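# A look at the structure
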Amino acid sequence: MTRIDDTFARLKAEGKKAFVAYVMAGDPDYATSLEIVKSLPRAGVDIIELGMPFTDPMADGETIQLAGQRALEGGQTLDKTLQIARELRKDDDKTPIVMMGYYNPIYSRGVDTFLAQAKAAGIDGLIIVDLPPEEDDELCIPAQAAGLNFIRLATPTTDDKRLPKVLQNTSGFVYYVSITGITGAAEAQAADVAPEVARIKAQTDLPVIVGFGIKTPEAAQSIAAIADGCVVGSAIVAQIGAGKPVAEIAGFVAGLADGAHRA
């Protein structure tokens, strides 16, 4: 059992859906980013997605691309991203941390080295958006052997023929991308998402969490109601990009979390 498994078991026992929050590590700077990350569990976040800044984030829209640029320009590195996790773990040993990003920085470091460092830092799972199932030997299988969940994305274009392949080595949860396109590009619609979630759940016992296009507490509630929870990223990152104080960002996140938990 990982922290992710434990979290979903607890939420199920409480009759609640999960709220997952994404932030870019190092945005707008290391110190502020660490303060924001530490505020997330207190704001009701069940799982933290910690973005790894990368120069070519092909799945991300403008909001998260700019966050990555701010972080890189501020000197954020993979080591500093792992350090954020280590700092959170000093006070919080329960909230799962999932690192989300692209394979290049991990490949550059070396898979074995990265996985050892991630595990030691208290990371619980990985979402690496540019590694398809055909590349599972690269990172997915080694990550699971190291005790990390490897979380896969399913999308509206993942048909019934492809879905079993996507689910094959997935663990922790399935991340359903509610729209075709990039992050922050459109709004998720529960009526469109519900049959897709049901289709996935018919083929796996894993929780299904829906992300992309969720921007308000009301949207978080409506999407979480037809899944096992929801993810909000761009809407939170936009608050950070606007230079809002950490307390205000935390208040915004708390509203989203409350919406998901009311589902």
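To start, this report covers the structure provided alongside it. No experiment lies behind these values; they were computed from the predicted model shown. (Residues numbered from 1 in each chain as written. Predicted model: local features only at pLDDT ≥ 70, side-chain atom pairs only at ≥ 80, totals over all residues. Heavy atoms only, no water.)

## Description of the side chain of Asp 60
For Asp 60, the position within the fold is in the loop between strand S2 (47–51) and helix H3 (62–73). For the buried Asp 60, no salt bridge is present, and the opposite-charge side chain at shortest range is Arg 70, 12 Å distant. At a separation of 3.0 Å, a polar atom in the side chain of Asp 60 contacts the side chain of Tyr 102. (Helix = DSSP H or I, 4+ residues; strand = E, 2+ residues; numbered from the N terminus. Buried < 20%, exposed > 50% of the residue type's maximum accessible area, 1.4 Å probe, protein only. Lys, Arg positive; Asp, Glu negative; His and termini not counted. Salt bridge = Lys/Arg side-chain N within 4 Å of Asp/Glu carboxyl O. Polar contact = N/O pair within 3.5 Å; in protein donor to acceptor, adjacent residues only side chain to side chain.)

## Details of helix H6 (residues 111–121)
When we look at burial in H6, the residues that qualify are Val 111, Phe 114, Leu 115, Ala 118 and Ala 121. Along the axis of H6, the buried positions cluster into a sector of 130°, meaning they face one direction only. Pointing more than 90 degrees away from the buried face of H6 are the exposed residues Asp 112, Ala 116 and Ala 120. Of the surrounding secondary structure, the elements contacted by the buried residues of H6 are helix H4 (78–91), strand S3 (97–101), helix H5 (103–109), strand S4 (125–128) and helix H7 (140–145). Within two residues after H6, Gly 122 carries a phi angle of roughly 95°, on the positive side. (Arc of directions from axis to C-beta. Contact = heavy atoms within 4.5 Å.)

## Looking at unusual backbone geometry
Residue Pro 28 follows Asp 27 across a cis peptide bond; omega there is 0°. Assignment of secondary structure puts Pro 28 in the loop between strand S1 (18–24) and helix H2 (30–42).

## Topic: the environment of Tyr 30
Mapped onto the elements of the fold, Tyr 30 is located in helix H2. For Tyr 30, a relative accessible area of 24% corresponds to the partly exposed category. Apart from residues no more than four positions distant in its own chain, Tyr 30 is found in contact with Gln 76, Lys 80, Gln 83, Ile 84 and Glu 87.

## Topic: the packing of aromatic side chains
Within this structure, the stated rule accounts for four aromatic pairs. Residues Tyr 175 and Phe 212 carry aromatic rings whose centres are separated by 6.1 Å and whose planes lie at 90° to one another, so their mutual orientation is edge-to-face. Here Tyr 175 is found in strand S7 (residues 174–177), whereas its partner Phe 212 is found in the loop between strand S8 (208–211) and helix H10 (217–224), with 37 residues between them in sequence. One exposure class covers both Tyr 175 and Phe 212, and it is buried. (Phe/Tyr/Trp six-rings, centres within 6.5 Å; stacked < 30°, edge-to-face > 60°.)

## Details of the packing of H10 against helix H12 (residues 246–262)
Two measures define how a pair of helices packs: the angle their axes make with one another and the distance between the axes. Where H10 contacts H12, the axes come no closer than 7 Å and their chain directions differ by 30°. The orientation of H10 relative to H12 falls into the category roughly parallel. In this structure, H10 meets H12 at a crossing whose hand is right-handed. Residues Pro 217, Ala 220, Gln 221 and Ala 224 of H10 touch H12, and the partners they reach there are Gly 255, Leu 256, Gly 259, Ala 260 and Arg 262. Considered class by class, the residues forming the contact of H10 with H12 number five nonpolar, three polar and one charged. (Axes fitted to C-alpha atoms, helices over the stretch in contact; angles between N-to-C directions. Parallel < 35°, antiparallel > 145°, perpendicular 65-115°, else oblique. Left-handed = near helix turned anticlockwise from the far one by under 90°. Nonpolar A, V, L, I, M, F, W, Y, C, P; charged D, E, K, R; others polar.)

## Concerning the nonpolar core
In terms of nonpolar packing, the biggest core is built from 65 residues, with Phe 19, Ile 123, Leu 126, Ile 128, Leu 139 and Ile 236 touching the most fellow members. Counting residues per element, this core draws most heavily on H12, at six residues. If we ignore the near neighbours within four places in the chain, the residues touching Ile 236 are Ala 21, Tyr 22, Val 23, Ile 249, Phe 252, Val 253 and Leu 256. Counting 23 residues, the second largest nonpolar core, distinct from the first, contains Ala 18, Ala 71, Ile 151 and Tyr 175. (Core = buried A, V, L, I, M, F, W, Y, C linked by side-chain atoms within 4.5 Å.)

Fair warning: the whole summary comes from geometry, so function is off the table for now.
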